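A structural walkthrough
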Amino acid sequence: MGLALWIDDSTIGRYEDDEYMPTLKELSAEYDALKSEKEAEDTALEELKPKLTTLNHIKYNFDVLERDYLPEEKDPRREESPER
């Protein structure tokens, strides 16, 4: 039932209850495809990092301005309720 711990003629290409085990050639091809996909994604990420940095600076500056200079909004529920 468990994984085969050794490989002989009877276990090549099979493991755990006769499920298909890919060959080294298939695994190598899948690895190469995934590696090239990752490299493309890494390139795209590197192109976006400066934009993210700029957006984070803008957000920080806006938060500082909002905190220091914009008046606080009044609570609309307080305006609707009659004062006692």
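The rules we used
Residues numbered from 1 in each chain as written. Predicted model: local features only at pLDDT ≥ 70, side-chain atom pairs only at ≥ 80, totals over all residues. Heavy atoms only, no water. Helix = DSSP H or I, 4+ residues; strand = E, 2+ residues; numbered from the N terminus. Buried < 20%, exposed > 50% of the residue type's maximum accessible area, 1.4 Å probe, protein only. Areas by Shrake-Rupley, 256 points an atom, 1.4 Å probe, with all protein chains shown as cover. Salt bridge = Lys/Arg side-chain N within 4 Å of Asp/Glu carboxyl O. pLDDT = per-residue confidence, 0-100. Contact = heavy atoms within 4.5 Å. Expected span 1.5 Å × (residues − 1). Bend = angle between axes of the 7 residues up to and from the residue.

1. Concerning the overall build of the protein chain
Assigned secondary structure in the protein chain consists of two helices and two strands. Within the span of the protein chain, comprising 84 residues, buried residues form 1% of the whole. Total accessible area on the protein chain stands at roughly 8,800 Å², and carbon and sulfur atoms take up 57% of it.

2. Some thoughts on the pattern of salt bridges
Under the counting rule described, the total for this entry stands at four salt bridges. In this structure, Asp68 engages Arg67 in a salt bridge whose closest nitrogen and oxygen atoms are separated by 3.0 Å. Given a relative accessible area of 60%, Arg67 falls into the exposed group.

3. So, the confidence of the model for the protein chain
If pLDDT is low for a region, its predicted coordinates should not be looked at in detail. Averaged over every residue, the pLDDT of the protein chain is 80; residues scoring 70 or more account for 62%. Per-element confidence in the protein chain is highest for helix 1 (residues 24-69), whose mean pLDDT is 94, and lowest for strand 1 (residues 14-15), whose mean pLDDT is 55. For residues 1-5, every residue scores under 50 in pLDDT, and the model assigns this stretch six contacts once sequence neighbours within four places are set aside.

4. Structural notes on helix 1
In this model helix 1 runs 64 Å from its N-terminal to its C-terminal C-alpha over 46 residues, within 8% of the 68 Å that 1.5 Å per residue would give. Approximately 30 degrees is the largest bend angle found in helix 1, and it occurs at Leu48, with the proline Pro50 only one to four residues beyond.

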